[in-house]
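Tertiary structure, described
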Protein chains: 4
Amino acid sequence: MELGIIGLGKMGFNMAERLRLAGHKVVGFDFNKEATAKLTATGSIGVDSLEDLVKNLAAPRAVWLMVPSGDPVDQTIAKLEPLMQKGDTFIDGGNSNYKDTQRRHAEAAAKGFEFVDCGTSGGIWGLREGYSMMVGGDKAPVERLTPIFEALAPAKDEGWGHVGPSGAGHFVKMVHNGIEYGLMEAYAEGFSIMKAKETLNLDLVQISEIWQKGSVVRSWLLDLTADALKKNPSLDGMEAYVPDSGEGRWTVFEAIDLDVSAPVITESLIRRLRSREANNFTDRMISIMRNEFGGHAIKKS
Amino acid sequence: MELGIIGLGKMGFNMAERLRLAGHKVVGFDFNKEATAKLTATGSIGVDSLEDLVKNLAAPRAVWLMVPSGDPVDQTIAKLEPLMQKGDTFIDGGNSNYKDTQRRHAEAAAKGFEFVDCGTSGGIWGLREGYSMMVGGDKAPVERLTPIFEALAPAKDEGWGHVGPSGAGHFVKMVHNGIEYGLMEAYAEGFSIMKAKETLNLDLVQISEIWQKGSVVRSWLLDLTADALKKNPSLDGMEAYVPDSGEGRWTVFEAIDLDVSAPVITESLIRRLRSREANNFTDRMISIMRNEFGGHAIKKS
Amino acid sequence: MELGIIGLGKMGFNMAERLRLAGHKVVGFDFNKEATAKLTATGSIGVDSLEDLVKNLAAPRAVWLMVPSGDPVDQTIAKLEPLMQKGDTFIDGGNSNYKDTQRRHAEAAAKGFEFVDCGTSGGIWGLREGYSMMVGGDKAPVERLTPIFEALAPAKDEGWGHVGPSGAGHFVKMVHNGIEYGLMEAYAEGFSIMKAKETLNLDLVQISEIWQKGSVVRSWLLDLTADALKKNPSLDGMEAYVPDSGEGRWTVFEAIDLDVSAPVITESLIRRLRSREANNFTDRMISIMRNEFGGHAIKKS
Amino acid sequence: MELGIIGLGKMGFNMAERLRLAGHKVVGFDFNKEATAKLTATGSIGVDSLEDLVKNLAAPRAVWLMVPSGDPVDQTIAKLEPLMQKGDTFIDGGNSNYKDTQRRHAEAAAKGFEFVDCGTSGGIWGLREGYSMMVGGDKAPVERLTPIFEALAPAKDEGWGHVGPSGAGHFVKMVHNGIEYGLMEAYAEGFSIMKAKETLNLDLVQISEIWQKGSVVRSWLLDLTADALKKNPSLDGMEAYVPDSGEGRWTVFEAIDLDVSAPVITESLIRRLRSREANNFTDRMISIMRNEFGGHAIKKS
């Protein structure tokens, strides 16, 4: 079938490729003309305007947004709506907040558009291994788009599913990423403890490889970790600085709103916040208190 | 080659079987005569005394202990030493504290025995899939035992390794289990949040299956989780009560001793402690404080 | 001066009393007629309708809301606005979210009303000891209300202040309560550890009294704790169940929004959430995982 | 009565002074001759050898150790024992681990000495305000030393007590310091959140002063915090680096050993560990994982 894709970054471009290889017609737009040219070179149709994108698709159209969450999604939809017609479908494949998704679904429905949300996991490996997709929205558009999901997924019936009404896809993906934060932090702490045990002189690369086979902690993240450690076992040249892209904090907010205690996902987020607090005020406050009551020395900067 | 195994529980019995299937001679002892009879029935040699175990092995002997950590290990060694001779090797395949292991290694060495520690992961699946083994100790006995490790491992050269001097095997296994605590808690929190989001009516079995293919959080633990949820999606009939077997708390102690901040592994442990604190004093203390300063109602038991 | 007070619960009634004792005229309303009658009996004016409240005050009026946060505040304002006139002032003395306060301030300003927010601490002890007040809003109404704040405060110039623009009062009070969560949890954990150390048979009442004098941890909360322990040293007859009234979770949300890592305030909240999760799903998930990989027994309910 | 004091640092010197002012005879030793000379100048007896210290005291002697915990305590006792005689009493007033204390008590008892442990709080303010003391040990020596405790305490019968058998004093002091960690972190986090809310431009000095009067969070630590902020409101010139002196981590170990979940005291400790992990391995591990699966950029150092 035909699919428009808006946003040809790391994720969007590879998804276009995977669809083309599965025999689908892909029309792709990006502000970056290099990306659209590169797409055209693959055999898909790269276009430099949303008008051209819409023109190249037959109604009922399906347009997949792979743009940063927040304002870019709203802005893209606002530009597309006048170009599209009733019955066309938007798919938001990015990491939008599910509450925004539910609002956009309602707004789209009021104008006669379909709106499907698809939480998409797989990162830069998706082209080769397929994408895990959690799909939310109404039944009809999800059924119509099934060939697309089947082509993007690791296998026809595996790694994707229609998980619920509008917002459900992004909700499940949000939690997926919250779990991901916890998994990453658990591995990272464990390797740090082993690194710090200098008297045993442990080889982290060797250990990560042992664990890949037969251990309880084996996982895809561990496979990646083993690969990365092989390239740079001491992690030289890097800063201890970790961004977060939103889903982790949304998961924490949601847990609290639902009265669910989730200390590990929460601490994974807090740890990332801490990694970006150069010379933080909290620790300096504690230093002055210790100095005030106990005369303990303060480390000067 | 020949191996004595002491302790034919879930782990020890299956290891004996995996070794027998690989062509090794296994002599197994357990206080439980049913277990030894069952071992004999498989074609290995089940014996009912340590004397018989030692007699059935040619020097230099290798005796693998698969008994609960702590006193049982010391007691078993104390009983075996008079029966064995210089140059024989003890392998502690259980979850001993690495500090005990280092002490036992020194004590054994003073008497002319070899002492190897082997952190063994794989649980009840090891018979079929092989065991992940982290081996610590001196080079000579580890080399001599290599055929044993190769047979127990998922593949000859995979899933096991000599990771360092005495204690290193148990140290790495300890950290492995600490990581395992964190991974389990991260998944469990995520599924709890989804369960609590009643308005979306999410199907946890479906989601666990989606994530198994192509997602960033795919892992062996997730595979097991999907299997378990399939059998009992609402987890009915179970208590929210989680034991811990020691390695998690040792990992926390070690992190602190090494000045490594490990909030996620630590919170995973604290969560388990909390699961066993029926009507805990801490929360009741907070209730009385709230009542004292704000007149807030106290929930009576 | 004159002040209307809406809401004569634990806090509002005592504040009315403290103002009356300082020579101010108080007109108080509550849906509970017993409360208004009781107020009249003290010498203040208890009224049974908002109309009567407004009528009993001379313009420019000041009406202090001491009602539950959220909808009740909006509803009360909506009923009052038609009765009041330009230049009158609302004071929200409850625990409203500062974002709601900023919205209400803007809405009130558009209609010609003043809107002051006052975070009020002191609980049931305020009548005797005075209230700590963090005031936000525009300069003019705060200056006009200064005699009220001076009368409610522990002393004329102590324990209160104009901390910033609209919302600042409630923001600071929110953080105050977040800190309060952390303090309470720290004490409660410490006493729990001492309680659990059965071999030392410690007397928690004695210890709380020792610490009240000269120790680094002396505080008003500790004074209250000592009083409460004296009445019920073993905290018999209580459930380990702790509600939260909103400010704690708002503090956590705010910390994350501001990229400030605040693990202790956050864990204090998570602990309260956990206290209300009977037979929680998270711990049961961990139990099934342990059973799946290790064959560990599950505690049945 | 007479008391020998060993260790005339910030704590020991002031305690000697408080005792002298109360009419007791104090003989003080320190390796630092300036300190002993200064003591002599106050009217007490400063000595430059342990021999002289013992000679200046009449039997049964009482010698108070105010030296760093760990080896210095054992070494000082080992040097004193040959000089002292049966029935003499050691008082360990420092922050020793209660398990060491129990061992020392047993060793002292075997040689005919008394051994009392005294957890001492109050810091550099103790000379003026008195010390809070938690005393452990046998009844007889504690009774004999009562005049000393009464003189050091804030008031004769306040701020000190015999809390239990040997080790109980240091155990309670350990928990006291664990609580102290939690309190400090709670305040520090709260002030950090307010500092970060730049749009409200809050005055932290003003707020700390407001809270000192009538608020639920008023405490001695808050008083000190207010003083410190007044001197340096932006905490310029300081590093976000916080040492820990042992009692915090012992409290965490003890909580875990007792199966008590204590997330807030634990996170307070973890936070301090984190403050000293420059360019920590954990965060860099997370960065490489993010790069491996998602192609996310790594911040270079």
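Residues numbered from 1 in each chain as written. Chains lettered and ligands numbered in written order. Predicted model: local features only at pLDDT ≥ 70, side-chain atom pairs only at ≥ 80, totals over all residues. Heavy atoms only, no water.

Regarding the relation of the copies chain A and chain C
Rotating chain A by 180° and moving it 0.0 Å along the rotation axis overlays it on chain C with an RMSD of 0.0 Å. The transformation just described matches what one would write down for a two-fold rotation axis. Residue phenylalanine 253 of chain A, judged by its C-alpha, is the member of chain A lying nearest the rotation axis, at 3.4 Å. Most of the interface of chain A is mirrored in chain C, where 100% of its interface residues again form contacts. (Least-squares fit on C-alpha atoms with pLDDT ≥ 70 in both. Contact = heavy atoms within 4.5 Å.)

Some words on the pattern of salt bridges
Following the criterion strictly, the structure yields 100 salt bridges over all chains and no others. Note that arginine 128 of chain D is salt-bridged to glutamate 129 of chain D, the shortest N-O span being 3.4 Å. Salt bridges sharing common partners tie together Asp74, Asp92, Asp100, Arg103, Arg104 and Glu107 of chain A. (Salt bridge = Lys/Arg side-chain N within 4 Å of Asp/Glu carboxyl O.)

Remarks on the sheet that holds strand β2 (residues 25-29) of chain D
Residues and elements named next belong to chain D. The mixed open sheet is built from eight strands, whose spatial order is β3-β2-β1-β4-β5-β6-β7-β8. Since the sheet does not close on itself, it has two edges, and those belong to β3 (45-47) and β8 (160-164), each with one partner. Neighbour-to-neighbour, the strand axes of the sheet open up by a mean angle of 25°, direction not taken into account. The pairing of strand β7 (residues 132-136) with β8 spans four bridges and is classified as parallel. Across the sheet, the residue bridging to methionine 133 is tryptophan 160, located in β8. Relative to strand β6 (residues 114-121), helix α9 (residues 168-196) is tilted by about 15°, and along the sheet it contacts β5 (89-92), β6, β7 and β8. (Pairing = 2+ DSSP bridges. Helix = DSSP H or I, 4+ residues; strand = E, 2+ residues; numbered from the N terminus. Axes fitted to C-alpha atoms, helices over the stretch in contact; angles between N-to-C directions.)

Some thoughts on the relation of the copies chain A and chain B
Rotating chain A by 180° about the axis while translating it 0.0 Å along that axis superimposes it on chain B, leaving an RMSD of 0.0 Å. When you check the interface residues of chain A against chain B, 100% turn up at the interface there too, and the contact is symmetric in its surfaces.

Side note on the packing of helix α10 (residues 204-211) of chain C against helix α11 (residues 220-231) of chain C
Residues and elements named next belong to chain C. Axis separation between α10 and α11 bottoms out at 9 Å; the angle between their running directions is 155°. Our classification of the angle between α10 and α11 gives roughly antiparallel. Handedness of the α10/α11 crossing: left-handed. Judged by residue contacts, Leu204, Val205, Ser208, Glu209 and Trp211 of α10 engage Leu222, Ala226, Leu229 and Lys230 from α11. Looking at the contact of α10 with α11, its residues break down into six nonpolar, one polar and two charged. (Parallel < 35°, antiparallel > 145°, perpendicular 65-115°, else oblique. Left-handed = near helix turned anticlockwise from the far one by under 90°. Nonpolar A, V, L, I, M, F, W, Y, C, P; charged D, E, K, R; others polar.)

Some details on the interface of chain A and chain B
In this complex, chain A contributes 65 residues to the contact, which on the side of chain B involves 65 residues. Of the roughly 5700 Å² buried between chain A and chain B, counting both surfaces, carbon and sulfur atoms make up 72%. Linking chain A to chain B there are six salt bridges. Here lysine 213 of chain A makes a salt bridge to glutamate 158 of chain B, at a shortest N to O gap of 3.9 Å. Here chain A is connected to chain B by 22 residue pairs in polar contact (both at pLDDT 80 or more). Listing elements by their share of the side of chain A that touches chain B, those giving two or more residues are α5 (98-110), β7 (132-136), β8 (160-164), α9 (168-196), α10 (204-211), α11 (220-231), α12 (247-257) and α13 (263-275) of chain A. The biggest single contributor to the side of chain A that touches chain B is α9 of chain A, with 18 residues. (Buried area = accessible area lost by both parts, 1.4 Å probe. Polar contact = N/O pair within 3.5 Å; in protein donor to acceptor, adjacent residues only side chain to side chain.)

Points about the domain arrangement of chain A
Accessible area lost upon the coming together of the parts is a frequently used measure of interface size. All names here are of chain A. Examined at the domain level, chain A breaks down into domain 1 (2-166) and domain 2 (175-275). Computed from C-alpha coordinates alone, the two centres of domain 1 and domain 2 are separated by 30 Å. Counting residues at the interface gives 11 residues for domain 1, matched by eight residues for domain 2. In total, domain 1 and domain 2 occlude about 710 Å² of area from one another, counting both sides; carbon and sulfur atoms represent 51% of this. Three residues, Asn95, Asn97 and Trp125, lead the burial of domain 1 against domain 2; their summed loss comes to 50% of the area buried on that side. Our count for the contact surface shared by domain 1 and domain 2 stands at zero salt bridges. Connecting domain 1 to domain 2 are three residue pairs in polar contact (both at pLDDT 80 or more). (Domains from an automatic or database assignment.)

Here we look at the pairing of β2 of chain D
Within β2 of chain D, four of the five residues are buried, which leaves the element mostly enclosed by the surrounding structure. Considered for its hand, the β-α-β crossover made up of strand β1 (residues 2-6) of chain D, helix α1 (residues 10-21) of chain D and β2 of chain D is right-handed. (Buried < 20%, exposed > 50% of the residue type's maximum accessible area, 1.4 Å probe, protein only. Right-handed = clockwise from strand over helix to strand, strands pointing away.)

Some words on helix α2 (residues 33-42) of chain C
Residues and elements named next belong to chain C. Taken together, the buried positions of α2 are Ala35, Thr36 and Leu39. All buried residues of α2 fall inside an arc of 95° around its axis, so they share one side. Residues of α2 that are exposed and point over 90 degrees away from its buried face: Lys33, Glu34, Lys38 and Ala41. Of the surrounding elements, those touching the buried residues of α2 are α1 (10-21), β2 (25-29) and β3 (45-47). The N-cap of α2, judged by a side-chain oxygen 2.9 Å from the amide nitrogen of glutamate 34 a few residues on, is asparagine 32. (Arc of directions from axis to C-beta.)

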